[in-house]
Amino acid sequence: MPTITLNKTELEKLIGKKLPLEQLKDRISMLGTDLEKIEGDEIHVEVFPNRPDMLSEQGFARALSSFIGVKTGLRKYNVKKSGHKVIIDKSVTMRPYTACAIVKNLRLTDEKIKELMQIQEKLATTHGRNRKKSAYGVYPLERITFPVRYEARDPKTIRFRPLGFERAISAAEVVELHPKGKEYAHLTAGWTKYPFFVDAAGKILSLLPFTNSHDTGKVDEMTKDVFVECSGIDLENVKVALNILVTMLGDMGGEIYSLEMAYEDKSIKSMVTPDLMAGKMKVDREYINQRLGLELSDAEMKKMLERMGYGYEKGMAFVPVYRADILHQADLMEDVAIAYGYENFKESIPTMVTIGQEDQAEKFYEKLRDGLVGFRLLEVKNYHLMNGVELNEKMMEKGKGIALLNSLGEHNHLRHSLLPSLLKNLSDNKHHEFPQDLFEIGRVFFADAEEETNVGEEDRLGIVVCHEKTDFTEIRQILDALLVYLGVEGKVKETKDPRFIAGRVGEILIGSKKIGVIGEIHPAVLEKWGITVPAVGMEVDVGKMLELAQ
Amino acid sequence: MDLNSLIAKLHPLERAVLPVLQKERELSAIARASKLDETEAMRALQWLENKKILTLKSKPTRVLVLGVNGKKYQQEGLPEKKILNVLTKEFQGMSVIARKANVSDEEVNACIGVLKRKSAIDLLKGKELMAKLGPQGDTYKQAFPEERFLKRSFPLPFDSLTEEDRLALDDLQKRKELVKVEEQKRITVELTELGRKLAATKIDGDVVNRLTTEMLVTGNWKKKKFRAYDVEINVPRIFGGRKHFENEAISYIRRIWLDMGFTEMTGKYVQSAFWDMDALFVPQDHPAREMQDTFYLSRKAKLPKLWEKIQKVHENGADTGSKGWQTPFSKEETQKILLRTHTTVLSAQTLSKLKKEDLPAKFFAIGKVFRNEALDWKHLFAFYQVEGIVVDPHANLKHLKGYLREFYQKMGYEKVRMRPAHFPYTEPSLEVDVFHPVKKEWVELGGAGIFRPEVVKPLLGFDCPVLAWGQGMGRIIGEYWKMTDVRDLYKNDVKQSREMKAWLR
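Residue positions are given per chain, counting from 1 as you read along its sequence in written order. Starting at A for chains and at 1 for ligands, labels are handed out in the order in which the entities are written. Local features in this predicted model are restricted to residues of pLDDT 70 or higher, and side-chain atom pairs are both shown and tallied only at a pLDDT of 80 or more, whereas totals for entire chains, interfaces and linings draw on every residue. Excluded from the side-chain calculation are hydrogens and water; included are all heavy atoms of the structure.

Secondary structure elements follow DSSP: runs of H or I of four or more residues count as helices, runs of E of two or more count as strands, with numbering from the N terminus. Secondary structure assignment for chain A yields 16 helices and 28 strands. Radius of gyration: C-alpha atoms only; globule rule: 2.2 Å multiplied by the number of residues to the exponent 0.38. Compactness check: chain A gives a C-alpha radius of gyration of 33 Å against a globular reference of 24 Å for 550 residues, more than 25% above the reference. Partly exposed residues are those whose accessible area sits between 20% and 50% of the maximum for their type, while under 20% is buried and over 50% is exposed, using a 1.4 Å probe and protein chains only. Going through the 550 residues of chain A one by one, you find that 57% of them count as buried. For the accessible areas, the method is Shrake-Rupley and the probe is 1.4 Å, while residue cover comes only from the protein chains on display. Surface summary for chain A: the accessible area is close to 23,900 Å², and the carbon and sulfur share equals 49%.

Attention now goes to the packing of helix 6 (residues 79–86) of chain B against helix 8 (residues 105–117) of chain B. Residue and element names in this part refer to chain B. The angle between two axes is taken between their N-to-C directions and runs from 0 to 180 degrees, where each axis is a line fitted to C-alpha atoms and a helix contributes only its stretch in contact. Where helix 6 meets helix 8, the axes come as close as 9 Å, and the angle between the chain directions of the two elements is 80 degrees. By the angle between their directions, the pair helix 6 and helix 8 is classed as roughly perpendicular. For the pair formed by helix 6 and helix 8, the contact residues are Pro 79, Glu 80, Ile 83 and Leu 84 on the first element and Glu 107, Val 108, Cys 111, Val 114 and Leu 115 on the second. Broken down by class, the residue content of the contact of helix 6 with helix 8 amounts to 7 nonpolar, no polar and 2 charged. Orientation categories follow fixed angle ranges, with anything under 35 degrees roughly parallel, anything over 145 roughly antiparallel, 65 to 115 roughly perpendicular, and all other angles oblique. Residues count as neighbours in contact if any of their non-hydrogen atoms are within 4.5 Å of one another. Asp, Glu, Lys and Arg are counted as charged, while Ala, Val, Leu, Ile, Met, Phe, Trp, Tyr, Cys and Pro are counted as nonpolar; the rest, among them Gly, fall into the polar class.

Residues and elements named next belong to chain B. Two strands make a pair as long as DSSP finds a minimum of two bridges between them. Spatial strand order, 5-1-6: 3 strands in an open sheet with antiparallel pairing. With partners counted over all chains shown, the strands left at the sheet margins are strand 5 (156–157) and strand 6 (179–191), one partner each. Strand direction decides the pairing type here: strand 1 (residues 54–66) and strand 6, joined by 13 bridges, are antiparallel. Paired with Val 63 across the bridge in strand 6 is Glu 182. Lying on the sheet, helix 4 (residues 38–50) is in contact with strand 1 and strand 6; it crosses strand 1 at an angle near 155 degrees.

For Phe, Tyr and Trp, rings pair up if their centres lie within 6.5 Å, where Trp contributes its six-membered ring, and each pair is then called stacked (planes under 30 degrees apart), edge-to-face (over 60) or tilted (otherwise). Scanning all chains against the criterion turns up 33 aromatic pairs over all chains. Judged by centre distance (6.4 Å) and plane angle (55 degrees), the ring pair of Phe 364 of chain A and Tyr 365 of chain A falls under tilted. Taken together, the ring pairs in this structure connect Trp 257, Phe 262, Tyr 403, Phe 407, Tyr 408 and Trp 469 of chain B into an aromatic cluster. Should the NZ of a Lys or the CZ of an Arg lie within 6 Å of a ring centre and within 35 degrees of the ring normal, that charge is described as sitting over the ring. A cation over an aromatic ring shows up here: Lys 394 of chain A above the ring of Trp 529 of chain A, its NZ or CZ 4.5 Å from the ring centre. Over the aromatic face of Phe 435 of chain B sits the side chain of Lys 415 of chain B, whose NZ or CZ is 4.6 Å from the ring centroid.

What follows covers the sheet that holds strand 27 (residues 513–521) of chain A. Residue and element names in this part refer to chain A. The 7 strands lie next to each other as 19-23-24-28-27-26-25, forming an open sheet whose pairing is mixed. For this open sheet the edge positions go to strand 19 (378–379) and strand 25 (490–494), each flanked by a neighbour on one side alone. As defined by bridge partners, strand 19 adjoins strand 23 (residues 436–447) across 2 bridges and the pair is classed as parallel. Bridging from a neighbouring strand, Glu 379 pairs with Phe 439 of strand 23.

All names here are of chain A. If you trace the backbone, Ile 478 turns up in helix 14 (residues 472–486). For Ile 478, a relative accessible area of 10% translates into the label buried. For the pair Ile 478 and Leu 377, spaced 101 residues apart in sequence, the C-alpha to C-alpha distance is 9.8 Å. The residues touching Ile 478, leaving out its near neighbours within four places in the chain, are Phe 375, Leu 377, Ile 463 and Val 465.

In terms of nonpolar packing, the biggest core is built from 141 residues, with Leu 64 of chain A together with Tyr 408 and Trp 469 of chain B touching the most fellow members. If you tally residues by element for this core, the top one is helix 7 (residues 235–251) of chain A, at 9 residues. The residues touching Leu 64 of chain A, leaving out its near neighbours within four places in the chain, are Leu 11, Ile 15, Leu 24, Arg 27, Ile 28 and Leu 31 of chain A. Here, the term nonpolar core denotes a set of buried Ala, Val, Leu, Ile, Met, Phe, Trp, Tyr and Cys residues that are joined through side-chain atoms within 4.5 Å. Counting 38 residues, the second largest nonpolar core, distinct from the first, contains Met 277, Val 313, Tyr 425 and Phe 462 of chain B.

With that settled, consider the interface of chain A and chain B. With 88 residues of chain A at the contact, the number on the chain B side is 101 residues. Summing the contributions of chain A and of chain B, the shared interface buries around 8,200 Å²; its carbon and sulfur component is 55%. Salt bridges are defined by distance alone: a side-chain nitrogen of Lys or Arg within 4 Å of a carboxyl oxygen of Asp or Glu. One can count 11 salt bridges joining chain A with chain B. Residues Lys 381 of chain A and Glu 246 of chain B are paired through a salt bridge, measuring 2.9 Å at the closest nitrogen-oxygen approach. Where the side of chain A that touches chain B is concerned, the elements lending two or more residues are helix 2 (21–31), helix 8 (285–292), helix 10 (329–340), helix 11 (360–374), strand 19, strand 21 (402–403), strand 23 and strand 24 (455–466) of chain A. Split by residue class, the side of chain A that touches chain B holds 38 nonpolar, 24 polar and 26 charged. Note on definitions: buried area is the accessible-area loss of two parts on being combined, 1.4 Å probe, summed for both.

Residues and elements named next belong to chain B. The complete set of buried residues in helix 12 (residues 193–200) reads Gly 195, Leu 198 and Ala 199. For helix 12, the angular spread of buried residues about the axis comes to 100 degrees, placing them on one side. Exposed residues lying more than 90 degrees from the buried face of helix 12 are Glu 193 and Ala 200. In this structure, the buried side of helix 12 is in contact with helix 1 (3–8) and strand 6. What the arc describes is the spread of directions from the helix axis to the C-beta atoms.

This part takes up the state of the cysteines. Note on terminology: pairs of cysteine sulfur atoms within 2.5 Å are recorded as disulfides. Inspection of the entire model under this criterion finds 0 disulfides over all chains. We note that Cys 230 of chain A lacks a disulfide partner, and the nearest cysteine sulfur, in Cys 100 of chain A, lies 7.5 Å from it.

A word on unusual backbone geometry. Cis rather than trans, the peptide bond between Phe 146 of chain A and Pro 147 of chain A has omega equal to -5 degrees. Tracing the backbone shows Pro 147 of chain A in the loop between strand 6 (134–140) and strand 7 (148–153). Following Glu 427 of chain B, the chain continues to Pro 428 of chain B via a peptide bond in cis, the omega torsion being 0 degrees. Take Pro 428 of chain B: it is sitting in strand 14 (residues 426–436). Although it is not a glycine, Lys 314 of chain A sits at a positive phi angle of roughly 45 degrees. Structurally, Lys 314 of chain A is set in the loop between strand 17 (311–313) and strand 18 (316–319).

This next bit is on the pairing of strand 15 (residues 441–451) of chain B. All names here are of chain B. Of all 11 residues that make up strand 15, 8 are buried, and the element is covered over most of its length. Pairing analysis gives 9 bridges linking strand 14 to strand 15, with the strands arranged antiparallel. Paired with Glu 431 across the two strands is Gly 447, which belongs to strand 15. The antiparallel pairing of strand 14 with strand 15 creates a hairpin that spans 4 residues between the two strands, and Lys 440 there sits at a positive phi of about 55 degrees. In the sheet, strand 15 pairs with strand 16 (residues 466–472) via 5 bridges, with the strands oriented antiparallel. Residue pairing for strand 16: Gly 447 is matched across the bridge by Gly 470.

Before going further, it helps to examine the domain arrangement of chain B. For each domain, the first and last residues come from an automatic or database assignment. What the domain assignment lists for chain B is domain 1 (3–59 + 185–205), domain 2 (68–182) and domain 3 (246–499). When each unit is reduced to the centre of its C-alpha atoms, the spacing between domain 1 of chain B and domain 3 of chain B is 70 Å.

Okay, structure coming up:
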């Protein structure tokens, strides 16, 4: 989630009220942003991804000002017609949508320009999903001749000077040379043509989704009027992005002008952007009151919604144009709850009766633990993920465990057995006192085509006993004692298993059902783990054990 | 302490050394006189020192000690002396000499040089080397200084050597494993006032150390005197079996929810993106679904029929009254297999099986969830979540706050606060903080909310308020045991596990 830094003095000016520090902290938290810290004049806040409109100082101040009751209700923004046009060429199939606007009479300081850059970046990271869904550009209007064209061209045929570069380069080189080209190259894999904004005089404004041109796309302190463009793969997404940007510029004192978006392929009929007509949603007062446990009257409902920047009239909410997260009554309900104040909900527990019921397997595992600690075994808990070497080479086995696709760490396989985990424990504890008699109840994984996920899961009990004088008899005694404790009869039948010494390993049977394995760990295995004290062990399927014990 | 009770507590080893302390002052002498080996004698002396009966003094000294061959020759005599003994005035072949003297060929070769230098033998070179007694032969036959030297009692203090000893030593030191000079601590004893009194007292050695079955059967014990122990000293530690400390905490948390009438949910760790994400209305391009956040497996899930319904909910809201995400839904994405990222997946599966007549119903789960992280002191790739849902047509936000406050009070936190937050599957969404009674600040513990209709309606078949939470547990548990490194939870260090304080809440 993006963190933004706000200037306290500036924010107070925008809100129109000065709050004591503690109250300011509290209000920021209770509005629905995560306050990280306030240091001097700097406020660090984490903005949740459903509220990209609060990524800018203006947007944040707008929301806070309503919330504390200074300036409530729907904000109105005037949009004048510019009479200009942006032509969207049929060729931009790779990023087919754009929504654009003009904002005039800005007084841009160095600070404001930085903010403008910051909001574009943060918005493209969150709302634009790292530019994959959409990306944005702001250009000085004075250098542009309308109509502007949005079209795809072969980058090898175009030379321009990207932002931050001393000279013009081929557009094809941007991917390799420009920092933003390198960063977002993966978004354009397989493209032979790239989308460009080009003005009527043939000047390149920008190469998408990478960079503006230095000559026509660099905003500075002399800039008063700007052209704003939001382009991407999702029409709703670019329209909302444009609304967020122009309302922010409007709050900075700019005048907003619309542009006609002419889609040459007529897939979208003539569209004028920005569209700052508030959306409408009927308010289901009963639903909201019931879910929140409140009894708000119509007037109170109006007050709550207005505190969150909505307009309200006769059961109808007017949704601000910069909000993309209002899908359902439930979303209005949340905003009403925030306006009411989460701290004002009085907690209660209803007097309804339900009977608690524990999971049978979990209950059985608790019983097992009780029994095993009585045999003086120490319980361990290991990760379900291990590395392939631990599961195979170190156990004299091959191809065991299920590999993960994308593990960032060295733990990259789901384990198939508890014994590797337990041997790892012995290996890690060599410097401690013996005997080391350990057990674990935990899950293992294996391929199973019957399952929805093609992965089967089983809970197992693993035991290892490790000291100078241990032998098969000792682990067999533990098994027998455990079976007596569970009231079942079992037996051991000789088997072969490379993890154990030949002739000292058996499978554990209850009736004719095989539930596990028991034996003396092979010295070759101990050697691989660097264990220099003899060890014996067993592993059983406790799910089956439970079934057979009942 | 009075003398009698002091005597009653004396260990048999102490009883053995005490009588000789009148005469002997040096450790090896004390050991010899009391017929103990030196380590036993030393232990007894240390115990006596602790009881202020004597003081031990240790002074570094240079001593001569015998090597392996030195010890052998001390017993058997030097091989050159043995050879000398079998020589006569007539020349004899070397092999004959070796056999008669019972020494090895190697030893013969070493001795020839020594004896020749002393003019004790004459040699004659021929096909085989021959030897007979030399001019000094008879003198050395009588008395061999090196051998006399070896017969002394070792370790021998270096300071006590005479001029003659040093000459013999020079010769012996040249040979393998005979004698060597070592730095040793010479330990001597000085009796205290109390010690002198005790040493002068007659100590009855006949006390019983252990009560035996034989004594009980014969009734012999009636005539015996039992040695008193020092019951105040430390004894070697033992360790019983134990549950893993984290499981003690989990049992407690399970108990809380069961007591509040919740039914336990369990389920698989490996899940499809369908259940873990899509059924919970997480948009398909949500950042949490990316490879660097979630563990994926290279398999494809079989989907339940429900998926088509969920697809429509994502695309346009279907019959939920929602607009949906207004973006195309990918079947490939929903078929991905992953390690569950939250226990909320269990809640989704539970809802899908619930019927109207089962309501109201409450469920909880305590389970592991996975995030693609490399391990370090503050990150684990798997951790526990405490999940809960309340499916009740009359449930509201106040109840959610009520249940969570009840839980946290039982966990030892009096004050609970809720702040607005954002999760794709709840509306309203809240972050739960508890007030830390020691640090005096709010600590964030997890998320909660009321499930969105886009989640509830397709799974349950009808809309109904479902209160839901997924709380982290690591922080509370780590805090109880004052852990500063989260990896300590699963270090499985046997010392740590054996000595961990029990969960006493």
